[in-house]
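# Architecture and fold: a report
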Amino acid sequence: IPLLRSSDMASRVVIVSSSLLKSGQIDMKSKDFVKDGRAIPAVKKKGFAPTGYCDSKLMNMLTCRQLALHLRDTNVTTYSVSPGFCRSELGRNVEMTIFKKMLMLPIMRMVQRTSVQGAQNIIFATILDENYMVNGAMYQDGRVAEPETLYVDGLGDDLGKELWKLSLDLVDEKKQ
């Protein structure tokens, strides 16, 4: 952050997140996400997307927001980007029978984006004139991803602040 603050040039930080952040959960009391990842209670049905993925995408968006606050009086802006539902290897971690996977494949191929299409969202956030963008917001398809941005707004500021502090503490712990 000191290097970003000291720069006179306009800069931006683009953090990749996902609309799956809405399935993420961060328990700052147990901090289970730090080492082992969030455990799903046996009585609760496991969701489609891996919990670690969803949790990390929520953390990415919260980090984007905190970074925007920490750099608000500088020439640095921060944006979070959802590339969209892209063909990737993420499905390798989804527990589903081979039969279901075979049934789902044709449907998935119709609705999934290519990696190039997903990358366009990231490139958009790196090149669009910052006067048309909202610092600390999430973007998808060339505009603010409102459901995701509103979801994170609804979590309040404390969770992001606590996560930011924990991150700093973990970095300091690693240095020692």
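Residues numbered from 1 in each chain as written. Predicted model: local features only at pLDDT ≥ 70, side-chain atom pairs only at ≥ 80, totals over all residues. Heavy atoms only, no water.

### Focus: the overall build of the protein chain
Helices and strands together make up the secondary structure of the protein chain, namely six helices and four strands. For the protein chain, the N- to C-terminal ordering of α and β elements is α-β-α-β-α-α-β-β-α-α. Scored against the burial criterion, the 176 residues of the protein chain give a buried share of 32%. The contacts of the protein chain with a sequence gap of at least 6 include a subset with a gap of at least 24, amounting to 81%. Counting every atom, the protein chain has about 11,500 Å² of accessible surface; 57% of that belongs to carbon and sulfur. (Helix = DSSP H or I, 4+ residues; strand = E, 2+ residues; numbered from the N terminus. Buried < 20%, exposed > 50% of the residue type's maximum accessible area, 1.4 Å probe, protein only. Contact = heavy atoms within 4.5 Å. Areas by Shrake-Rupley, 256 points an atom, 1.4 Å probe, with all protein chains shown as cover.)

### Notes on the sheet that holds strand 2 (residues 76-81)
Strand order in the open sheet formed by four strands is 1-2-3-4, with mixed pairing between adjacent strands. The open sheet has two free edges, formed respectively by strand 1 (11-16) and strand 4 (143-144), since each of these has just one partner strand. Two elements, strand 3 (residues 138-140) and strand 4, share two bridges in a ladder whose sense is antiparallel. The partner of tyrosine 139 across the bridge, within strand 4, is valine 144. (Pairing = 2+ DSSP bridges.)

### Some thoughts on the nonpolar core
Counting 14 residues, the largest nonpolar core has Ile26, Phe33 and Leu62 as its most contacted members. When residues of this core are traced back to their parent elements, those giving at least two are helix 2 (51-70) and helix 6 (158-175). The element that contributes the greatest number of residues to this core is helix 2, accounting for four residues. Filtering out sequence-adjacent residues up to four positions away, isoleucine 26 remains in contact with Phe33, Leu58, Met59, Leu62, Leu159 and Leu163. (Core = buried A, V, L, I, M, F, W, Y, C linked by side-chain atoms within 4.5 Å.)

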